[in-house]
Amino acid sequence: MVAGTKFKIEILEKKTDQAVCLVLRQIPYFTYEPTILEYGRETLKPFATTLMATSESGEAIGCAVIEIVNAITMEIVVMGVRPQNRRQGVGTALINGAEDVARSKDKKFLLLKTVGPSQRDREADTALEFFYKNDFCLLTEMDFVWQDYYCGIMIKQL
């Protein structure tokens, strides 16, 4: 368990896409099944690491999938926490876990993509605030990465 909490963060040793897909399906922002399945497939890549947050009862409540981008950078490819488990430190613990993995691989930066501020979306704005709180900086925003969405590229120096 994470000190002072009722959940734990662990690295999934066995490559599986099912656990990540199960968590993402419980998050209202992930509504397009082909995208959920695509994120699930990311967990099966040999250079991907999956972090899973589980409750005291062993129920999956959040996840993060991180991948090596290059010699100095890892990316959080997807991350999510079930709505009923937010504001309990789960997301921050997942980011801390991702940072630990990146540092253990001698990476200098942690990168992520999220819906950008120009989208003017309440859920996306909440995510941006969360990432800012966890010391990520908005590097740039693009309107051609995802169809119909602005993509904010965020980075954190480790």
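A quick note: this is a predicted structure, and the numbers were derived from the prediction, not measured. (Residues numbered from 1 in each chain as written. Predicted model: local features only at pLDDT ≥ 70, side-chain atom pairs only at ≥ 80, totals over all residues. Heavy atoms only, no water.)

Sorry, what's going on with the packing of helix H1 (residues 18-25) against helix H2 (residues 33-42) here?
Angle between the axes and distance between the axes are the two parameters that describe a pair of packed helices. Running from N to C, H1 and H2 point in directions that differ by 145°, and their axes come no closer than 8 Å. In the packing of H1 onto H2, the handedness of the crossing is right-handed. Together, Cys21, Leu24 and Arg25 of H1 and Glu33, Ile36, Leu37, Tyr39 and Gly40 of H2 make up the contact between the two elements. The residue inventory of the contact of H1 with H2, partitioned by class, reads five nonpolar, one polar and two charged. (Axes fitted to C-alpha atoms, helices over the stretch in contact; angles between N-to-C directions. Helix = DSSP H or I, 4+ residues; strand = E, 2+ residues; numbered from the N terminus. Left-handed = near helix turned anticlockwise from the far one by under 90°. Contact = heavy atoms within 4.5 Å. Nonpolar A, V, L, I, M, F, W, Y, C, P; charged D, E, K, R; others polar.)

So what exactly am I meant to see when it comes to the nonpolar core here?
For soluble globular proteins, the rule of thumb is that nonpolar side chains tend to be buried together. Judged by nonpolar contacts, the single largest core of 23 residues is most densely connected at Ile76, Met79, Val90, Leu94, Leu110, Phe131 and Phe136. At the level of elements, strand S2 (48-55), strand S3 (60-70), strand S4 (73-81), helix H3 (90-104), strand S5 (109-115) and helix H4 (122-133) are the ones that each hand at least two residues to this core. Sort the elements by how many residues they give to this core and H3 lands first, with seven residues. Residues Leu24, Ile36, Cys63 and Val78 belong to the second largest nonpolar core, which totals 15 residues. (Core = buried A, V, L, I, M, F, W, Y, C linked by side-chain atoms within 4.5 Å. Buried < 20%, exposed > 50% of the residue type's maximum accessible area, 1.4 Å probe, protein only.)

What am I meant to see in H1 here?
Given 3.6 residues per helical turn, the α-helix brings residues three or four places apart onto the same face. Of all the positions in H1, only Val20, Cys21, Val23 and Leu24 are classed as buried. All buried residues of H1 fall inside an arc of 165° around its axis, so they share one side. On its buried face, H1 sits against H2, S2, S3 and S4. (Arc of directions from axis to C-beta.)

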